[in-house]
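# Reading the structure
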4 protein chains.
Amino acid sequence: MPAERISVAVFGAAGYAGSLAARLLHHHPNFDLRWVTARSDIGRRLDDVYPHHRVPMILEEADVDRHGAVDAAIVAYPHGASAALVAQLRNRGAKVVDLSADFRLRELATYEEWYGAHPEPHLIDHAVYGLPELYREQIAGAELVANPGCYPTATILALAPLARAGLIADVVVDAKSGVSGAGRAATDKTHFVTVDENVNAYGVPRHRHTPEIEQELAVLGADTRITFTPHLLPLDQGELVSCYVTLGDPGIATEELEALYREAYGHEPFIELVREPAGVRAVRETNFCRISLHRDDRTGRAIVFGAIDNLWKGTASQAVQNLNLMFGLPEGTGIAP
Amino acid sequence: MPAERISVAVFGAAGYAGSLAARLLHHHPNFDLRWVTARSDIGRRLDDVYPHHRVPMILEEADVDRHGAVDAAIVAYPHGASAALVAQLRNRGAKVVDLSADFRLRELATYEEWYGAHPEPHLIDHAVYGLPELYREQIAGAELVANPGCYPTATILALAPLARAGLIADVVVDAKSGVSGAGRAATDKTHFVTVDENVNAYGVPRHRHTPEIEQELAVLGADTRITFTPHLLPLDQGELVSCYVTLGDPGIATEELEALYREAYGHEPFIELVREPAGVRAVRETNFCRISLHRDDRTGRAIVFGAIDNLWKGTASQAVQNLNLMFGLPEGTGIAP
Amino acid sequence: MPAERISVAVFGAAGYAGSLAARLLHHHPNFDLRWVTARSDIGRRLDDVYPHHRVPMILEEADVDRHGAVDAAIVAYPHGASAALVAQLRNRGAKVVDLSADFRLRELATYEEWYGAHPEPHLIDHAVYGLPELYREQIAGAELVANPGCYPTATILALAPLARAGLIADVVVDAKSGVSGAGRAATDKTHFVTVDENVNAYGVPRHRHTPEIEQELAVLGADTRITFTPHLLPLDQGELVSCYVTLGDPGIATEELEALYREAYGHEPFIELVREPAGVRAVRETNFCRISLHRDDRTGRAIVFGAIDNLWKGTASQAVQNLNLMFGLPEGTGIAP
Amino acid sequence: MPAERISVAVFGAAGYAGSLAARLLHHHPNFDLRWVTARSDIGRRLDDVYPHHRVPMILEEADVDRHGAVDAAIVAYPHGASAALVAQLRNRGAKVVDLSADFRLRELATYEEWYGAHPEPHLIDHAVYGLPELYREQIAGAELVANPGCYPTATILALAPLARAGLIADVVVDAKSGVSGAGRAATDKTHFVTVDENVNAYGVPRHRHTPEIEQELAVLGADTRITFTPHLLPLDQGELVSCYVTLGDPGIATEELEALYREAYGHEPFIELVREPAGVRAVRETNFCRISLHRDDRTGRAIVFGAIDNLWKGTASQAVQNLNLMFGLPEGTGIAP
């Protein structure tokens, strides 16, 4: 543990993810949260906008010269808007965890297909994909970490053991998310009356998280196109992915599949393997990903459920997990129960 | 329309489905609700147990001699307990709509595999499967109708046009239901604190609605084993099935698929074909099934969403729809807006 | 019942109240809904904006020359914006039910204190306060009805028997409302994440419904200043007022109080007197007001609960109840179960 | 901080309050949670019953000889059942925090009026009422602490400054609670479908928390009978009390009232004074009580809102706060953010 505390700033702290990152860093024993900046609510206290986070700091308009003189930064900007700020912060020497999609996709062409022109393509190769369970060592040495999307976090963790074993012939992912995943913007879609007593799919049939999931499954060994369909649910935080896997080897014993998960995750501090279908309430406001594996004997399919809190393991606490690794701190500092 | 009103009784009116059936019949212009019986809450007023249904009748202990002397009956008993009562009512000449699973499966062996010994197997061949959109004519001539399960109702309606066209090579059904689907029994699983801010699967990997769905899809032409997985959601009424279909002809044009749905359902009074992903709020407290068809161009899959109110089209209002048909009444009497 | 159907238009049908009024009139046997106008969503189908209302009409920009040539109109405009349109419609001879506060207050000075300058003060004396349980006869002869606010509806109905008997020495009203009461505008306050798992008061200590309640209680005989405090709850429709009454005669027998309620409401078609504390679920999507009276023997206070659906009896179905009266139709037509 | 960790047991850890107390103590740096006992679910793992608490211990049947040999105990038994166990634990020398009502009321007669015969009346005089903001010093020296009820905690904290100043002439308390306050028992009243989209009062007009509130207000100087009415809301954790105070000195300046609250609570670590009406979401899963004071100028009344998490400050975290005080630890250890 370093003798001095590490200075850190959160850019984009007026949103759900950025404000939670600020809370976690404000109470973190090793980080010194110096600045919180925002693109709205400038001049308001963060604990006025988000009372439950209890961060007694003023939201300032971002000024890279002032706010960028820190050891570390979390950038919680929208896709496309993030890359330029990340580049400026890297130029000033700050280590950065970027919560946007700007540096998650390794192939520029894929990024451009789904998001348009990339503002800082030269940085793509310097970014490490920030899923500690897969890239712990690379993250430890990284200066720019692309924090995974919430859906990819749950889905990749749920499927990695099968992907690595080459067992995924085909997969359907039915994802279910609480409303905080849609962000703080007040719209018809996030109005209480629209969401309450409702459930429906959105982003059908092309959701932007699809290429990110396919990219990582391919790295692991599953070169397949997935069907990924998110649904909006009447709850605030929580995300469940229900993964229906057609196995490459339909006759494989269930015990062998279970062994793959135990080997992959038996020692992971933030993965919980459970027997009952994983539910989101058990991971609410935690950095845990809860996974259960089941077998449909009638069809041979494997069914894997992965549950996370979309704002925590899906975004902000995973960002702190990455910062911990980047600065040589115990991985769970400030985010473990 | 008959000159006199048709006498009717609801057996098992203390549950969610039976009490709603009682409400719909109590306000129905052609039926005269004579009796409501129950297996609990005997002697209580139904509008005390379910104030919002406003049925000012006393729940009585079932006495087939007294209560069975009616033109029609709805039986809302649990699986296994229903068949014996149905047989007694048929002996007295009453036309019966049975809400249980006891007469839904055409093959005795299948029933026994999923539910155990059948109390009245001789009646199975006399029962008509009560999905009006598929069996309207048979229902009109039936004296015993097996009302479909809520999940099968939504799933079969969502998939029928593809099944009939022989296009279903494989299908994954991810189903999402409100808590009323779990019934009135107060348990850990239906406790508010368990359900609130939660979502998880249940009945994995063998849910009893699976053979019912497979049976009907097979009749239509899709002889496949399905993966069917229900989830419990924090809402009271409403059910969404998300159906992921691997098409037998992956290259078929989307317009052709859409045409199949228009042909099947263009004139159906209780099916609504929509472009946006179907949601449950739009069908709450109605007999409608709302269906949307989408195409995942990247995988070739068809994605079909079907939304119903599990207590209405999924159970009680569909039972009234069946009774209307059985007695030659306009199909939507008492259940259309 | 008139031989021909009564032509009617709804102005402001893009909001929660106006769209529900349109639904009730669209399905009403005696009214012919000719037009639905709006101040947003012009050109969209109403059943696209509000699928569950199933009104297959296009929202048009209001044009009084075209849309005002009707027998009756419901105006669902904001306070202040409503009066001018009401005046134009009255000039064209249409009978009007106005959902805004513009004609609820009898004293111009009171209106101006709470809402600012009144656009059409000359019409105030021609308006009848549209609470049928108090002003049935006047409404029947009225050409302009000021539909009560949702909170006043529940509160006045809950307190009227005590007010009329001169028994209210002092009263605290703690009101609780679902989010639809805040309207369709998407704001921080109506965002799902703000409301979910929350409850707090708003409009403290001056809510605009206060003078409306005081005015009507004074007419009945209770000339007192009330404390009225509304709270926002995580539900969509439903409103409960908890009224804590210090009685002018603290020693009065509870049976006498109960008799006052039975006399006042025993024959009212839309008032339900109950023994258990009234809850909102029992009146959801109905025109009923459910009232329970209790006595705190330790303090002598009477506690009265009044529950309504804020969009139905609190607004739109009460407007139809008023229209029924204004056109000599049975009061419950189109709104009774 | 003591060199060795303090041994502690939780009796009744299968309920909502006991299990949360176990969680807080399991992760507490100074306590060593040795045993968790229960009256149901014997032999099950606590992290199976309550996954989100992550306490990997087995629920055992209580055996005072084995489990009572600890430095401290929290007893989470029902009223009436608690006193006997408390007495046994005191005999063995354990310091006890009792979550039941058994030792909250100082007058035996009052206890007997509301709860029936007291099993261990001789202990009443040895118990300290465990509201740290009022009795910090007495708690520090106590061996038996009666943890306050959740409603009394919020109400007494909201009213104490006014009571101490002799300003409370009369008070109405309208309380609103999430469902966890009703406990883990699965009943009609806690069924999701009963609570969802609903709100209604319960325990009218005699709720057992009334004498506890009156007792403490009297000690502070307000000798008045209160009207206290709790309501059940569709949320899991959270409790709001809306207190309507008729002031003894109606003309007192609002600034003077505000000064009373600042003096009382300006340095309290777990009281937050706020200007906007206090809401429960801001205190969810915390030990904070959030209070706002308002003035109704039209009636002279003071309106005070107090918000807590009923399971945390209302029960379990306040119990840990008391244990911290009893063992000389910093008051917020293990429960501050």
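Figured I'd write up the structure that's included with this text. (Residues numbered from 1 in each chain as written. Chains lettered and ligands numbered in written order. Predicted model: local features only at pLDDT ≥ 70, side-chain atom pairs only at ≥ 80, totals over all residues. Heavy atoms only, no water.)

Rotating chain A by 180° and translating it 0.0 Å along the rotation axis places it on chain B, where the RMSD comes to 0.0 Å. Such a combination of rotation and displacement between the chain copies is what one expects of a two-fold axis. (Least-squares fit on C-alpha atoms with pLDDT ≥ 70 in both.)

Right, let's talk about the interface of chain D and chain A for a bit. Between chain D and chain A, the residue contacts involve 17 residues of the former and 17 residues of the latter. Counting the contacts that link chain D with chain A gives four salt bridges. The salt bridge involving Glu272 of chain D is made with Arg54 of chain A; its shortest N-O contact spans 2.7 Å. The interface formed by chain D and chain A holds six residue pairs in polar contact (both at pLDDT 80 or more) in total. Split into classes, the residues belonging to the side of chain D that touches chain A amount to five nonpolar, four polar and eight charged. (Contact = heavy atoms within 4.5 Å. Salt bridge = Lys/Arg side-chain N within 4 Å of Asp/Glu carboxyl O. Polar contact = N/O pair within 3.5 Å; in protein donor to acceptor, adjacent residues only side chain to side chain. Nonpolar A, V, L, I, M, F, W, Y, C, P; charged D, E, K, R; others polar.)

In this section: the interface of chain A and chain B. Between chain A and chain B, the residue contacts involve 46 residues of the former and 46 residues of the latter. A combined buried area of about 3,900 Å² lies between chain A and chain B, and 55% of that area is made up of carbon and sulfur atoms. Taken together, the connections running from chain A to chain B amount to eight salt bridges. A salt bridge links Arg301 of chain B to Asp170 of chain A; the nearest nitrogen and oxygen atoms lie 2.3 Å apart. Put simply, chain A and chain B have 32 residue pairs in polar contact (both at pLDDT 80 or more) between them. If you list the elements that add at least two residues to the side of chain A that touches chain B, you get strand S8 (168-177), helix H8 (192-195), strand S9 (200-201), helix H9 (209-220), strand S10 (227-232), strand S11 (239-247), strand S13 (289-295) and strand S14 (302-308) of chain A. It is S8 of chain A that provides the largest number of residues to the side of chain A that touches chain B, a total of five residues. Here the residues of the side of chain A that touches chain B sort into 19 nonpolar, 12 polar and 15 charged. (Buried area = accessible area lost by both parts, 1.4 Å probe. Helix = DSSP H or I, 4+ residues; strand = E, 2+ residues; numbered from the N terminus.)

Moving on to the pattern of salt bridges. Overall, the coordinates contain 106 salt bridges over all chains when judged by the stated rule. Here Asp236 of chain B makes a salt bridge to Arg281 of chain C, at a shortest N to O gap of 2.6 Å. With Asp236 of chain B in the loop between strand S10 (227-232) and strand S11 (239-247) and Arg281 of chain C in the loop between strand S12 (271-274) and strand S13 (289-295), the pair connects residues from two separate chains. Neither Asp236 of chain B nor Arg281 of chain C differs from the other in exposure class; each is buried. It is possible to trace a salt-bridge network through shared partners that takes in Asp41, Arg44, Asp48 and Arg184 of chain A together with Asp188 of chain C. (Buried < 20%, exposed > 50% of the residue type's maximum accessible area, 1.4 Å probe, protein only.)

The analysis is restricted to geometry; functional conclusions fall outside its scope.
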